Amino acid sequence: MTPAIAPEVEILLVDDDPHDVKLTLRALDQQHLANRVHVVQDGEEALEYLRDMARPRLVLLDLKLPKVSGLEVLAKVREDPKLKTLPVVILTSSREEPDVARAYDLGANSYIVKPVDFEQFLRAVSDVGMYWLLINQSPTT
Amino acid sequence: VATNVLEHTTSRAPGNTVSRTRQRGLSIRTKLPLGVALLVTLASAAITAAAYNRVESMALQSASDRLIGAATQVSDLLGRTVRQRATALQQAARTPAMAGTLSGAIGVPPAAAVATLNALAGPAAGGQVAIFDTQRDMKMGTNGATLQLPEQGLLSPIAADRSAFVVGPLVRDGDRPEIFYTMAVGIFEEERLVGYLAERRMVGTGQNATVDLISALIGEEAKLTFGNVAGDVWTPFPVPPVTGSPVLRPAVTVVDGRTMAARVAPIAGTPWVTGVALPLAPVLAPLREFLRGAITTITVIVCLAALAGWVGSRRITMPLNSLTDAAEALAAGDSAPRLDLSRSDELGRLASSFNTMTERVTESRHALQRSVDELEHRVAARTAALESANKELEAFSYSVSHDLRAPLRAVTGFAKILVEDHAAKLEPSARECVDVIAERARHMGQLIDDLLAFSRLGRTAIAHQPVDMNRLVRRVIDDVVRADSSRVVNWDVQAALPPATGEPALLQQVFANLIQNAVKFTRTRPDAVITVGFTATPRGAAYFVRDTGVGFDMKYADRLFGVFQRLHAQQDFEGTGVGLAIVHRIVARHGGEVWADAAPGQGATFYFTLPTAPGEIA
């Protein structure tokens, strides 16, 4: 592997809301993961990153994104033979049942609704980061 | 709805519900000619029978008249012959030789008398003539004369009347076929009867002319007979006679195997009768001819009548058939053809009425089709509008869910960051402000969540499955107790709640909201009691949740189930005012009712009705 960015990127965060990004990074910082996060603003950028750069260990994917929606990104990822095992966690404000069902249908590994309450939000995001990067064993390819 | 209407109209399509009627029995087209033929046959037969009877009786009457005439003429003819013979005898009796013979000496016959007797007897065989005295003794006779006078009693008219004569009955001489008769006249001398001149003659000689005459009168076929009144000697003409059957009865009789009409007539001055018989076959032959002709005529008439009936029935049934076909087509939903009957009779009127009816029906059908089309169009438009509204609603929900929550999260998050990262720079009052900001943002998040849950209820389909209400209540109470184990509540749950029909998750939501409310509003009571049960109410059997909490004033009851409606201050009892609205909507969507009964400080009871499940429990 050629580390294009040091330190090695482990999480790809796809979110267009800068405030949510800041809060998410703050939550991940509690697990000391914040500096290994790469942030993109929309689905197109996300797909470009995944195509061109090294494979991250986790994708945190919002659903409502400019250009290419989160569900489309998820569908493309699962179609790609190199990426189909990549852990993708949906992190979104939507708790609509059709979104949840569609996300799991397309092969999401988890679906997390962003809590309005910041305390709960902190806990949820840090739990997700800890689980997928520290506890869970994922395939590397 | 649109497709239902469409299916309903198309399902009545050709021939499904209206089947062509099968005709049972004979058609008019058959019955009419048959009936006409039968009627004509009967009428003709009756007329023919009457005519036949009349003609037959006339023929018989005419035959009878002819017979009577013939019998009378034959009788006159024979009577005249007898009288001529008697006149000849009387002329001879008046000759002086006759009386002289009787008054003269016995045994010496005067030559004149003998000559006269021989002249009377004539050359024919069997003829005998003799002179008798008043003592009935023969004084003189032709050679070998054996004749005898008729009996004394028969002779008396001669004594009274000089012109009288006596004829005896026909007699047969032994077994010989010849028939004889005796005739006597008086011999007078100066007005005094002195004796009798009598002769025996054989019947028949010189009678052929008579037979020819009779034949000419009544025909060759006629049978002529004559004999004694007593019927002991009877002979047919012509003589020489052979033995025949006597014809004495003046009626139709069978003679020698032939049906004959017969008449008899007495012959004046004799003890004889004459009979004439006429065979009926020749008489009735024209009648039979008439009958044959009549039957032929009748057959022809009947055939013509049947033909006329057939043509007539065709004139009637063909329009009827086309009318029936048209009516059946109309009944089957097809377009009926227009009937073209250029007739001014009843059938023409019927056809014209039918045409009018067809037009009306077609118009109505078109109108109906237009209505259906319009309805379908409207339904489709409404459905499209509804779908679009639903899509908008979904988009709205999505926006609310996503876009409203994100800023709220930013508010709470950055408030927290403010407190955490800049605590040293914040005065206590500023810190208080930041807390309020965070708390209100959280509350707004809750409001949004509740509102979304409430709006989602309007879109969820309601299943209708049996629901075990006891299990739902137990689960809700368990959750409530687990969520706040510090609270002490006395639960009074009725043992066997009847099952309901509906969506289990939604019905659980109803109990959850009501029971959570009950727990919340009994918070200030030291020994709270919450009762869950099922009871009869004026609005029907209802489930209920009762508490001993703070209650409320019933004058606000109408605001109870509205969205965001609250009867208590936020600092006393927290909440968004959506819970009871959700209860109301769920119960309404199940077809039930919800209502409350309460008083301030006296607790509250919430009732709701649901369709109950008749079957097993899910």
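Just above, that's the structure.
We now turn to the structure provided with this report. Because the structure is predicted, anything quoted here is derived from the model rather than measured. (Residues numbered from 1 in each chain as written. Chains lettered and ligands numbered in written order. Predicted model: local features only at pLDDT ≥ 70, side-chain atom pairs only at ≥ 80, totals over all residues. Heavy atoms only, no water.)

Concerning the overall build of chain B
Item 1. A count of helices and strands for chain B gives 12 helices and 18 strands.
Item 2. Scored against the burial criterion, the 618 residues of chain B give a buried share of 38%.
Item 3. Within chain B, contacts between residues at least 6 apart in sequence are counted, and of these 66% link residues at least 24 apart.
Item 4. When the accessible surface of chain B is totalled, it reaches about 34300 Å², and 57% of it is carbon and sulfur. (Helix = DSSP H or I, 4+ residues; strand = E, 2+ residues; numbered from the N terminus. Buried < 20%, exposed > 50% of the residue type's maximum accessible area, 1.4 Å probe, protein only. Contact = heavy atoms within 4.5 Å. Areas by Shrake-Rupley, 256 points an atom, 1.4 Å probe, with all protein chains shown as cover.)

Quick look at the pattern of salt bridges
Item 1. In the structure shown here, the tally under the stated rule is 25 salt bridges over all chains.
Item 2. In this structure, the salt-bridge partner of B:Glu420 is A:Arg26, at a minimum N-O distance of 2.9 Å. In this pair, B:Glu420 sits in helix 8 (residues 346-421) while A:Arg26 sits in helix 1 (residues 18-29), so the two residues belong to two different chains.
Item 3. For A:Arg26, a relative accessible area of 24% translates into the label partly exposed.
Item 4. Among the salt bridges present, the one from B:Asp449 reaches B:Arg405, with a minimum N-O distance of 2.5 Å. Of this pair, B:Asp449 sits in helix 9 (residues 428-457) while B:Arg405 sits in helix 8, and the two are 44 residues apart along the sequence. When sorted by exposure, B:Asp449 lands in the same class as B:Arg405, which is buried.
Item 5. A single network of salt bridges, built from pairs that share partners, joins A:Asp15, A:Asp20, A:Asp62, A:Lys114 and B:Arg409. (Salt bridge = Lys/Arg side-chain N within 4 Å of Asp/Glu carboxyl O.)

What about the interface of chain A and chain B?
Item 1. The partner chain B presents 24 residues to the 23 residues of chain A that form the contact.
Item 2. Of the roughly 2100 Å² buried between chain A and chain B, counting both surfaces, carbon and sulfur atoms make up 53%.
Item 3. Together, A:Lys64, A:Glu96 and A:Val116 form the three largest contributors to the area buried by chain A at its contact with chain B, with a combined 31%.
Item 4. Counting across the interface, chain A meets chain B through five salt bridges.
Item 5. The tally of links between chain A and chain B comes to 11 residue pairs in polar contact (both at pLDDT 80 or more).
Item 6. Mapped by element, the contributors of at least two residues to the side of chain A that touches chain B are helix 1 and helix 5 (118-135) of chain A.
Item 7. A total of five residues in the side of chain A that touches chain B trace back to one element, the largest contributor, which is helix 1 of chain A. (Buried area = accessible area lost by both parts, 1.4 Å probe. Polar contact = N/O pair within 3.5 Å; in protein donor to acceptor, adjacent residues only side chain to side chain.)

Section: the sheet that holds strand 1 (residues 11-14) of chain A
Residue and element names in this part refer to chain A.
Item 1. In spatial order, the strands read 2-1-3-4-5; together these five strands make up an open sheet with parallel pairing. Pairing within the sheet leaves two strands with one partner each, and these edge strands are strand 2 (37-40) and strand 5 (110-113). Each strand axis lies, on average, 20° off the axis of its neighbour in the sheet, ignoring direction.
Item 2. In this fold helix 2 (residues 43-52) packs onto strand 1, strand 2 and strand 3 (58-61), with an angle of close to 160° to the strand it touches most, strand 1.
Item 3. Set on the sheet, helix 3 (residues 70-79) makes contact with strand 3 and strand 4 (88-92); between it and strand 4 the angle comes to about 180°. (Pairing = 2+ DSSP bridges. Axes fitted to C-alpha atoms, helices over the stretch in contact; angles between N-to-C directions.)

Concerning helix 9 of chain B
Item 1. Compared with the 44 Å implied by 1.5 Å per residue over 30 residues, the 44 Å span of helix 9 of chain B between its first and last C-alpha is a close match.
Item 2. Taken together, the buried positions of helix 9 of chain B are occupied by B:Val434, B:Ala438, B:Ala441, B:His443, B:Gly445, B:Ile448, B:Asp449, B:Asp450, B:Leu452, B:Phe454, B:Ser455 and B:Leu457. (Expected span 1.5 Å × (residues − 1).)

Some details on a nonpolar patch on the surface
Item 1. On the surface, B:Val300, B:Leu304, B:Leu307, B:Trp310 and B:Val311 cluster together to form a nonpolar patch covering roughly 470 Å² of accessible area.
Item 2. Looking at the element boundaries, B:Leu307 is found in helix 7 (residues 280-331). (Patch = residues over 30% accessible without salt bridge, like charges linked within 9 Å, V, L, I, M, F, W, Y side chains within 5 Å.)

A short note on the nonpolar core
All names here are of chain B.
Item 1. Counting 48 residues, the largest nonpolar core has Ile131, Leu170, Met183, Ile187, Leu197 and Trp272 as its most contacted members.
Item 2. Ignoring anything within four residues of it in the chain, the contact list for Ile131 reads Met98, Thr101, Leu102, Leu117, Asp137, Met138, Lys139, Met140, Ile187, Tyr196 and Leu197.
Item 3. Residues Val473, Ala500, Ala512 and Ile515 belong to the second largest nonpolar core, which totals 43 residues. (Core = buried A, V, L, I, M, F, W, Y, C linked by side-chain atoms within 4.5 Å.)

In short, geometric facts, not functional conclusions.
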